[in-house]
Amino acid sequence: QVQLVESGGGLVQAGGSLRLSCAVPESIFSTNTIGWYRQAPGEQREFVADITTSGLTLYTDSVKGRFTISRDNAKNTVDLQMNSLKPEDSAVYYCKPILWSSWGQGTQVTVSS
């Protein structure tokens, strides 16, 4: 019954920004690399970014320079700051420990042109 909860999605115009938040149970937060993923309609789910327990980060090429992943150790959240959004960023965004095979509900991001 351990569950991560995504929030912060919404509708924005191209060039705008959104900040997504992933609430992580403390026991998971302190021991796991957490990743953000996304899935657009008719497309495969893809990796976006992740962050280790020590703060090392990794990004897929298409979001480098626009998205920033971070950890808030006081709140047990992993956040994804998304700037300069493009219509092709529209998707349902999910977070999970990178080694897990299960997914939560996600949060919808829609970028209008």
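This text gives an overview of the structure that appears in the document. (Residues numbered from 1 in each chain as written. Predicted model: local features only at pLDDT ≥ 70, side-chain atom pairs only at ≥ 80, totals over all residues. Heavy atoms only, no water.)

Notes on the sheet that holds strand E5 (residues 46-51)
Right, on to step 1. Pairing in this open sheet of 6 strands is mixed, and the strands run E2-E10-E9-E4-E5-E6 from one edge to the other. Taken across any chain shown, the strands that pair with only one partner, and hence form the sheet edges, are strand E2 (10-13) and strand E6 (57-59). Averaged over all adjacent pairs, the angle separating strand axes in this sheet is 25°, with direction ignored.
Right, on to step 2. Summarising the sheet, strand E4 (residues 34-39) and E5 pair through 5 bridges and their orientation is antiparallel. Residue pairing across strands places Tyr37 opposite Phe47, the latter belonging to E5. (Pairing = 2+ DSSP bridges. Helix = DSSP H or I, 4+ residues; strand = E, 2+ residues; numbered from the N terminus. Axes fitted to C-alpha atoms, helices over the stretch in contact; angles between N-to-C directions.)

Observations concerning the pattern of salt bridges
Right, on to step 1. Counted by the stated rule, this structure contains 5 salt bridges.
Right, on to step 2. Measuring nitrogen to oxygen at the nearest pair gives 3.0 Å for the salt bridge that ties Asp89 to Arg38. In this pair, Asp89 is assigned in the loop between strand E8 (77-82) and strand E9 (91-97) and Arg38 in strand E4, connecting sequence segments 51 residues apart.
Right, on to step 3. Among the residues examined, Asp89 registers a relative accessible area of 1% and is labelled buried. (Salt bridge = Lys/Arg side-chain N within 4 Å of Asp/Glu carboxyl O. Buried < 20%, exposed > 50% of the residue type's maximum accessible area, 1.4 Å probe, protein only.)

A short note on the nonpolar core
Note that soluble globular proteins tend to have their nonpolar side chains buried in a common cluster.
Right, on to step 1. Grouped together as the largest cluster of nonpolar side chains are 26 residues, with contacts concentrated most on Trp36, Val78, Leu80, Met82 and Tyr93.
Right, on to step 2. Every element with two or more residues in this core is listed here: strand E3 (18-23), helix H1 (26-29), E4, E5, strand E7 (67-72), E8, E9 and strand E10 (107-112).
Right, on to step 3. The residues contacting Tyr93, other than those within four sequence positions of it, are Glu6, Leu20, Trp36, Tyr37, Arg38, Val48, Phe67, Leu80, Met82, Gly106, Thr107 and Val109. (Core = buried A, V, L, I, M, F, W, Y, C linked by side-chain atoms within 4.5 Å. Contact = heavy atoms within 4.5 Å.)

Considerations on the packing of aromatic side chains
Right, on to step 1. In total, this model carries 3 aromatic pairs according to the counting rule given.
Right, on to step 2. Relative to Phe47, the ring of Tyr37 has its centre 5.8 Å away and its plane inclined at 75°; by these criteria the two rings are edge-to-face. Residue Tyr37 is located in strand E4, and its partner Phe47 is located in strand E5; the two are separated by 10 residues in the primary sequence.
Right, on to step 3. By relative accessible area, which is 24% here, Phe47 ends up partly exposed.
Right, on to step 4. Aromatic side chains Tyr37 and Trp103 sit 5.0 Å apart centroid to centroid with 85° between the ring planes, which places their arrangement in the edge-to-face category. Note that Tyr37 is positioned in strand E4 and Trp103 in the loop between E9 and E10, a separation of 66 residues in sequence.
Right, on to step 5. Residue classification places Tyr37 among the buried residues on the basis of a relative accessible area of 11%.
Right, on to step 6. Three or more aromatic residues link up through ring pairs in this structure, and these residues are Tyr37, Phe47, Tyr94 and Trp103.
Right, on to step 7. Positioned over the ring face of Tyr94 is Arg45, at 4.6 Å from the centre of the ring. (Phe/Tyr/Trp six-rings, centres within 6.5 Å; stacked < 30°, edge-to-face > 60°. Lys NZ or Arg CZ within 6 Å of the ring centre and 35° of its normal.)

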